[in-house]
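Chain residues, written in single-letter form:
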Amino acid sequence: MPYVRTVLGLLSGLAACGAVAFLGYCVYFDRKQRGDPAFKLRLREKRRAQQQKAEGRGAQLWDPAKNEKLQLFLQEVRMGELWLSRGEHRMEVEHLSNALLVCGQPQELLKVFKHTLPPKVFEMLLRKIPLICQQFEADMNEQEYLEDDPD
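Residues numbered from 1 in each chain as written. Predicted model: local features only at pLDDT ≥ 70, side-chain atom pairs only at ≥ 80, totals over all residues. Heavy atoms only, no water.

1. Section: the confidence of the model for the protein
Part 1 of the argument: Per-residue pLDDT for the protein has a mean of 82; in total, 86% of the residues score no lower than 70.
Part 2 of the argument: Per-element mean pLDDT across the protein ranges from 78 in helix 2 (residues 37-61) up to 89 in helix 5 (residues 106-116). (pLDDT = per-residue confidence, 0-100. Helix = DSSP H or I, 4+ residues; strand = E, 2+ residues; numbered from the N terminus.)

2. Observations regarding helix 4 (residues 89-102)
Part 1 of the argument: Taking 1.5 Å of rise per residue, the 14 residues of helix 4 would be expected to cover 20 Å, and the 20 Å separating its terminal C-alpha atoms lies within 8% of that figure.
Part 2 of the argument: By the burial criterion, the buried members of helix 4 are Glu92, Val93, His95, Leu96, Ser97, Ala99 and Leu100. (Expected span 1.5 Å × (residues − 1). Buried < 20%, exposed > 50% of the residue type's maximum accessible area, 1.4 Å probe, protein only.)

3. So, the layout of surface pockets
Part 1 of the argument: When its volume is computed, the largest pocket comes out at roughly 210 Å³.
Part 2 of the argument: If you trace the largest pocket, you find it lined by Ser97, Leu100, Leu101, Val102, Cys103, Pro106, Gln107, Leu110, Ile129, Ile132, Cys133 and Phe136.
Part 3 of the argument: Secondary structure elements with two or more residues in the lining of the largest pocket: helix 4, helix 5 and helix 6 (119-148).
Part 4 of the argument: Among the residues making up the lining of the largest pocket, the classes are represented as ten nonpolar, two polar and no charged. (1 Å grid on protein atoms, 1.4 Å probe; cavity = no way out; pocket = protein on both sides within 12 Å on 5 of 7 lines; lining within 4 Å. Points joined across faces, edges and corners; volume = space filled by probe spheres on them. Nonpolar A, V, L, I, M, F, W, Y, C, P; charged D, E, K, R; others polar.)

4. Thoughts on the side chain of histidine 95
Part 1 of the argument: Along the chain, histidine 95 falls in helix 4.
Part 2 of the argument: Under the relative-accessibility criterion, histidine 95 is labelled buried at 14%.
Part 3 of the argument: For histidine 95, the contacting residues outside a window of four places in its chain are Glu76, Met79, Gly80 and Trp83. (Contact = heavy atoms within 4.5 Å.)

5. Brief notes about the packing of aromatic side chains
Part 1 of the argument: This model, assessed by the stated rule, comprises two aromatic pairs.
Part 2 of the argument: Ring centres of tyrosine 25 and tyrosine 28 lie 6.4 Å apart, and the angle between their planes is 40°; on these two criteria the pair is classed as tilted. With tyrosine 25 and tyrosine 28 both in helix 1 (residues 2-35) and three residues apart, the pair spans about one turn of that helix.
Part 3 of the argument: Seen in terms of ring centroids, tyrosine 25 and phenylalanine 29 are 6.2 Å apart; in terms of plane orientation they differ by 20°. Their pairing is stacked. Of this pair, tyrosine 25 and phenylalanine 29 are both found in helix 1, four residues apart, which corresponds to roughly one turn of the helix.
Part 4 of the argument: Note on phenylalanine 29: relative accessible area 41%, which makes it partly exposed. (Phe/Tyr/Trp six-rings, centres within 6.5 Å; stacked < 30°, edge-to-face > 60°.)

6. Overview of the UniProt feature "transmembrane region" (unreviewed entry) in the protein
Part 1 of the argument: When the UniProt feature table is mapped to this numbering, "transmembrane region" (unreviewed entry) covers residues 6-28.
Part 2 of the argument: End C-alpha atoms of residues 6-28 are separated by 33 Å, and the span's content is 100% helix alongside 0% strand. (UniProt positions renumbered as here; feature names shortened; annotations may be inferred.)

7. Points about the pattern of salt bridges
Part 1 of the argument: Per the stated rule, a full pass over the model turns up four salt bridges.
Part 2 of the argument: The salt bridge partner of aspartate 36 is arginine 42, with a shortest N-O separation of 3.9 Å.
Part 3 of the argument: Across the pair glutamate 94 and lysine 128 runs a salt bridge, and its minimum N-O distance is 3.1 Å. With glutamate 94 in helix 4 and lysine 128 in helix 6, this residue pair connects regions lying 34 residues apart in the sequence.
Part 4 of the argument: On the basis of relative accessibility, which here comes to 32%, the residue glutamate 94 falls in the partly exposed class. (Salt bridge = Lys/Arg side-chain N within 4 Å of Asp/Glu carboxyl O.)

8. Focus on the nonpolar core
Where a protein is soluble and globular, its nonpolar side chains tend to be buried together.
Part 1 of the argument: Within the largest apolar cluster, 13 residues are counted, with the highest numbers of intra-cluster contacts made by Phe73, Leu96, Leu100, Leu109, Phe113, Leu117 and Leu125.
Part 2 of the argument: Going through the elements one at a time, helix 3 (64-86), helix 4, helix 5 and helix 6 are the ones with two or more residues in this core.
Part 3 of the argument: The leading source of residues in this core is helix 4, at four residues.
Part 4 of the argument: Those residues in contact with leucine 117 that lie beyond four places of it in its chain are Glu92, Leu96, Phe122 and Leu125. (Core = buried A, V, L, I, M, F, W, Y, C linked by side-chain atoms within 4.5 Å.)

Okay, here's the thing in structure tokens:
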């Protein structure tokens, strides 16, 4: 038994010495780092870079062009709902198709429409999609033509 106590005493002494050595190294490294003038400069530059990166992200979150598209999308959906409540399915499909045109994720919007619209109206909307695509392509071609035209 005395042998076990001796081994345990040595191990606990070694552990204590290791802990003291580790804490001593931490204090030494901290003082060395804080006393280094270049460390403070690097730390300031790192913080400035992080702040500028965060500000850049904030600017990307609020994009006026995206905000206008969102407002147009919401307006078209509201108009579609209004025409649905009045029973004017042709006008409803017209506005909902415009919302699909502006929407960033039209497949997801079609899934929502499938579950929320009456089947007759959803079928009318599906038939209108190819016409919307053709109109969109024609508008884009006209816009490109106007941008390329120097007059």
